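# Examining the three-dimensional arrangement
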Amino acid sequence: MSAIVTGAAAPTTTTSTRRPRGGLLRAIMRNRKAMIGAGLLVLFVLLAAFPHLFVPWLHGDPRAIGDLPLQGPSGKHWLGTTGLGQDVYAELIYSTRESLVIAVVAGAGATILSVLIGVSAAYLGGFADDSLSMLTDIFLVLPTFPLIIVLATYAGKGNLTVIIIVLILTGWSYGARQMRAQALSLRNRDFLESARVRGERSSYIIVVEVLPTMTSLIVANFLGAALYSVLTAAGLQFLGLGDPNSLSWGTMLYWAQNQGALVNGLPAWALSPGLAVALLGVSFALLNYAFDEISNPALRPVRRRRARSAS
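We now turn to the structure provided with this report. (Residues numbered from 1 in each chain as written. Predicted model: local features only at pLDDT ≥ 70, side-chain atom pairs only at ≥ 80, totals over all residues. Heavy atoms only, no water.)

Turning to the overall build of the chain, a few remarks are in order. When its secondary structure is counted, the chain shows 16 helices and zero strands. Taking all 311 residues of the chain together, the buried fraction comes to 43%. Within the chain, contacts between residues separated by at least 24 positions form 74% of all contacts whose residues are at least 6 apart in sequence. Just so you have it, the chain exposes about 15,800 Å², and 65% of that area is on carbon and sulfur atoms. (Helix = DSSP H or I, 4+ residues; strand = E, 2+ residues; numbered from the N terminus. Buried < 20%, exposed > 50% of the residue type's maximum accessible area, 1.4 Å probe, protein only. Contact = heavy atoms within 4.5 Å. Areas by Shrake-Rupley, 256 points an atom, 1.4 Å probe, with all protein chains shown as cover.)

Okay, here's the thing in structure tokens:
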């Protein structure tokens with residue numbers, strides 16, 4: 001997550017607070033990385049919302065035990081079958097929903113926590129800033145993945161809600177540091193001084209005046225947190241810390257490993273959920289990089305036409 005959102009920490013100049021001409025949607029449509037990332041994300045949303053449209057021949061539960069175990073790819077089973085005769089392709093499609101829910105809910109929760117702590121620390125200052133900054137520093141230096149394993153094991157192995165809460169609690173600190181830095185750069189701007197002179201409350205100033213100017217950074221932070229969540233959740237489920245009966249890509253990896261998919265000559269069973277996790281991560285990463293370029297013009301690549309004319 002840190003490597004993904006590093007570029008978003010830079011926009012402390014005035015350019016980061018301006019919205020691109022023509023609106024955010026138009027700016028995204030002009031960015032090739034954003035378009036590729038958005039296209040992939042839309043595809044995953046469609047798979048999660050309407051899985052039956054992509055597996056029209058399946059009637060019933062994709063986890064139902066079949067009568068043809070450990071079959072290779074064929075016209076009837078595109079990615080083969082599991083050790084219990086379940087169709088791998090159907091499981092892959094129906095697993096999209098849980099993986100996407102984890103990414104969105106945990107990413108949104110971590111981002112909200114980052115905004116609350118980071119912006120409050122910067123705006124309130126004094127003792128509140130010192131206390132919240134110390135809390136952020138403590139979470140930043142904690143070894144995240146071992147802590148996640150311990151919490152997921154003892155707080156409720158296999159419980160999806162527990163996994164999401166653990167991901168939120170361990171995924172907010174880096175974003176909070178970025179939010180605090182950006183909010184500090186805005187604290188003495190004229191429009192905030194004007195709001196204070198008008199006698200506006202601190203909560204009003206933060207919500208109405210400060211946060212709208214940080215939209216691009218908040219969105220970039222959400223995408224980084226969502227990427228961190230989906231990768232970490234898949235790792236936990238692969239280690240057997242999720243619900244083994246759930247439909248998710250991490251659980252598919254767990255069963256593929258347990259039932260010897262590669263040993264039995266069924267690489268599609270083991271590789272397809274890993275590829276799905278990677279593609280979802282790529283969609284978040286491309287959107288994240290695109291938001292960095294949109295919010296900070298200094299990160300945009302030099303156009304060939306301009307380079308030629310300059311030479």
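Inspection of every chain in the model, using the stated rule, returns six aromatic pairs. For the ring pair Tyr 254 and Trp 255, a centre distance of 5.1 Å and an interplane angle of 65° mean the geometry is edge-to-face. Through a chain of ring-to-ring contacts, three or more aromatic side chains come together here, namely Trp 57, Trp 78 and Tyr 89. (Phe/Tyr/Trp six-rings, centres within 6.5 Å; stacked < 30°, edge-to-face > 60°.)

All right, on to the side chain of Ser 114 then. Mapped onto the elements, Ser 114 comes out in helix α6 (residues 96-124). Side-chain polar atoms of Ser 114 contact the backbone oxygen of Ala 110, separated by 2.8 Å. Looking at Ser 114, its side chain comes within polar contact range of the main-chain oxygen of Trp 172, at 2.7 Å. With residues up to four places along the chain from it excluded, the contact list for Ser 114 reads Val 119, Trp 172, Gly 175, Ala 176, Met 179 and Asn 221. (Polar contact = N/O pair within 3.5 Å; in protein donor to acceptor, adjacent residues only side chain to side chain.)

Angle between the axes and distance between the axes are the two parameters that describe a pair of packed helices. The interhelical angle for the contact between α6 and helix α7 (residues 126-141), taken along N-to-C directions, is 145°, at an axis separation of 7 Å. For the pair α6 and α7, the sense of crossing is left-handed. Within the contact between the two elements, α6 uses Ile 117, Ser 120, Ala 121, Ala 122 and Leu 124 and α7 uses Gly 126, Ala 128, Asp 129, Leu 132 and Thr 136. Residues that form the contact of α6 with α7 fall into these classes: six nonpolar, three polar and one charged. (Axes fitted to C-alpha atoms, helices over the stretch in contact; angles between N-to-C directions. Left-handed = near helix turned anticlockwise from the far one by under 90°. Nonpolar A, V, L, I, M, F, W, Y, C, P; charged D, E, K, R; others polar.)

With that settled, consider the pattern of salt bridges. Here the structure, examined in full by the defined rule, presents six salt bridges. For Asp 137, the salt bridge identified is with Arg 177, shortest N-O distance 2.1 Å. Here Asp 137 is found in helix α7, whereas its partner Arg 177 is found in helix α10 (residues 173-186), with 40 residues between them in sequence. Classification of Arg 177 as partly exposed rests on a relative accessible area of 26%. Arg 198 is the partner of Glu 209 in a salt bridge, and the nearest nitrogen-oxygen pair spans 3.6 Å. You can see Glu 209 sitting in helix α12 (residues 202-210) and its partner Arg 198 sitting in the loop between α11 (190-197) and α12, a full 11 residues away along the chain. (Salt bridge = Lys/Arg side-chain N within 4 Å of Asp/Glu carboxyl O.)

This part covers the environment of Val 115. Structurally, Val 115 can be placed in helix α6. Residue classification places Val 115 among the buried residues on the basis of a relative accessible area of 12%. Taking the C-alpha atoms as reference points, Val 115 and Trp 172, separated by 57 residues in sequence, lie 8.8 Å from one another. With near-sequence residues (within four places) excluded, Val 115 lies in contact with Ser 120, Met 179, Leu 211 and Ile 218.

What helix α14 (residues 249-258) keeps buried is the set Trp 249, Gly 250, Thr 251, Met 252, Leu 253 and Ala 256. After α14 finishes, the residue Gly 260 shows a positive phi value of roughly 60°.

Soluble, globular proteins show a tendency: their nonpolar side chains are buried together. Of all hydrophobic cores here, the largest spans 34 residues; its most connected members are Trp 249, Trp 269, Leu 280 and Phe 284. When contributions to this core are tallied by element, the ones reaching two or more residues are α3 (32-49), α5 (88-94), α6, α13 (215-238), α14 and α15 (267-295). Sort the elements by how many residues they give to this core and α15 lands first, with 10 residues. In contact with Trp 249, other than residues within four places in its own chain, are Phe 44, Leu 92, Ser 95, Thr 96, Ser 99, Pro 273, Ala 276, Val 277 and Leu 280. The next biggest cluster of nonpolar side chains, apart from the first, holds 15 residues, and it includes Val 115, Val 119, Leu 217 and Ile 218. (Core = buried A, V, L, I, M, F, W, Y, C linked by side-chain atoms within 4.5 Å.)

Just geometry here; none of it tells us what the structure is for.
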